[in-house]
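Examination of the molecular architecture
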Amino acid sequence: SNLAAAFTLFDTLAIIRDEFINRAARSDLAGTRAFLLMDGCGGKIDDVSSSATAYAHRGALFSAQFGVTWNGVANPSVAGPANEAWLDELYAAILPGFDGGCYPGYWDAKIVDWPNLYYGGNFDRLVQAKAVYDPTDFFRFQRSIPLDPRG
């Protein structure tokens, strides 16, 4: 129900708040920064069917991007892994409160099921379009649509 979804959203936001507050007390993260960007969805975004374009998340309330920086810290070999571990812990804590989709503009190499999470039910159709419009795979990068989805 919408009421249950609202409680899940509030619970998730409380977890995010607590994780950011607790982060400030961690000595392995001293001098580093974390951020959260939230892009509102809804409105005109929802006027287009989720299967009409590559963007499958038309019904989302918002998208969220979490990030960390550790530029200029005294010991980047400690700060880098500590920040990545903090993000992993944050994702694990909040994942139940999200719909499971990922905004395709925020690439994350750790996401295993990226075709489904980024493109939802549109992935197979995008593979077909790739074969027609880019049969030599000229436009490729780490998470580009592949010519052969099996690898």
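Each chain carries its own residue numbering, running from 1 in the written order of its sequence. It should be noted that, the model being predicted, local features are given only for residues of pLDDT at least 70 and side-chain atom pairs only at 80 or more, the latter also being counted only at that level, while totals for whole chains, interfaces and linings use all residues. Water and hydrogen atoms were dropped before computing side-chain values, which therefore reflect all heavy atoms in the structure.

As a further point, take the overall build of the chain. Secondary structure elements follow DSSP: runs of H or I of four or more residues count as helices, runs of E of two or more count as strands, with numbering from the N terminus. Regarding its fold elements, the chain presents four helices and two strands. Written out in order from the N terminus, the α and β elements of the chain read α-β-β-α-α-α. Its C-alpha atoms put the chain at 50 × 40 × 25 Å along the principal axes. Within the chain, the fraction of its 151 residues that count as buried is 29%. In the chain, once contacts between residues fewer than 6 apart in sequence are set aside, the share between residues at least 24 apart is 58%. Carbon together with sulfur atoms contributes 59% to the accessible area of the chain, which is approximately 9,600 Å² in total. Relative accessible area decides the class of each residue, using a 1.4 Å probe on protein chains only: under 20% of the type maximum gives buried, over 50% gives exposed, and in between gives partly exposed. Any pair of residues with heavy atoms lying within 4.5 Å of one another is described as a contacting pair. Areas reported as accessible are Shrake-Rupley estimates using a 1.4 Å probe. Residue values count occlusion only from the protein chains shown.

Two rings from Phe, Tyr or Trp (for Trp, the six-membered ring) form a pair when their centres sit within 6.5 Å of each other. Planes less than 30 degrees apart are called stacked, planes more than 60 degrees apart edge-to-face, and all others tilted. Inspection of the entire model under this criterion finds ten aromatic pairs. Between F20 and W86 the ring centres are 5.2 Å apart and the planes differ by 90°, which places this aromatic pair in the edge-to-face class. One end of the pair, F20, is in helix α1 (residues 2–23); the other, W86, is in helix α2 (residues 76–94), and 66 residues separate them in sequence. Residue classification places F20 among the partly exposed positions, given a relative accessible area of 23%. Taken together, the ring pairs connect W107, W114, Y118, Y119, F123 and F141 into an aromatic cluster.

With that settled, the discussion passes to the layout of surface pockets. Approximately 1,200 Å³ is the volume attributed to the largest pocket. Put simply, the parts of the chain that give the lining of the largest pocket at least two residues each are α1, β2 (62–69), α2 and α3 (114–119). Charged residues are taken to be Asp, Glu, Lys and Arg, nonpolar residues to be Ala, Val, Leu, Ile, Met, Phe, Trp, Tyr, Cys and Pro, and polar residues to be all remaining types, Gly included. Here the residues of the lining of the largest pocket sort into 23 nonpolar, nine polar and six charged. For cavity detection a 1 Å grid was placed over the protein atoms alone, and a set of points counts as a cavity when a 1.4 Å probe fits there but cannot get out; an open set counts as a pocket when protein lies on both sides within 12 Å along at least five of seven lines, with lining residues being those that have an atom within 4 Å of a point. Grid points are joined across faces, edges and corners, and a volume is the space filled by probe spheres set on the points.

Take the side chain of D137 next. With respect to the secondary-structure elements, D137 resides in the segment after α4 (123–133). Polar contacts involving the side chain of D137 include one to the side chain of K130, which spans 2.9 Å. Beyond its immediate sequence surroundings of up to four residues, D137 is in contact with K130, I145 and L147. Residues adjacent in sequence count toward polar contacts only when both atoms are side-chain atoms; beyond that, a polar contact is any pair of N or O atoms within 3.5 Å, and within protein one must be able to donate a hydrogen and the other to accept it.

Moving on, we come to unusual backbone geometry. In this model, D137 sits at a positive phi of 60°, which is unusual for a non-glycine residue. What makes D137 buried here is its relative accessible area of 18%.

On to the side chain of S63, then. As for its placement among the helices and strands, S63 is situated in strand β2. The contacts of S63, once residues within four sequence positions are left out, are L37, M38, D39, C41, Y103 and Y106.

On average, the chain scores 88 in pLDDT, and the residues at 70 or more come to 95%. α4 holds the highest mean pLDDT among the elements of the chain, 95, whereas α1 holds the lowest, 82. For every residue, the predictor reports its confidence as pLDDT, a number between 0 and 100.

Moving on, we come to a nonpolar patch on the surface. Patches in this entry comprise residues that are over 30% relatively accessible and not in a salt bridge; like charges within 9 Å are linked, as are nonpolar side chains (Val, Leu, Ile, Met, Phe, Trp, Tyr) within 5 Å. When a carboxyl oxygen of Asp or Glu lies within 4 Å of a side-chain nitrogen of Lys or Arg, that pair is called a salt bridge. There is a patch of nonpolar side chains on the surface, built from F10, L13 and M38 and spanning about 280 Å² of accessible area. If you trace the backbone, L13 turns up in helix α1.

The definition used for a disulfide is geometric: two cysteine sulfur atoms within 2.5 Å. In this structure the tally under the stated criterion is zero disulfides. Counting only cysteine sulfurs, C102 is the nearest neighbor of C41, a cysteine outside any disulfide, at a range of 13 Å.

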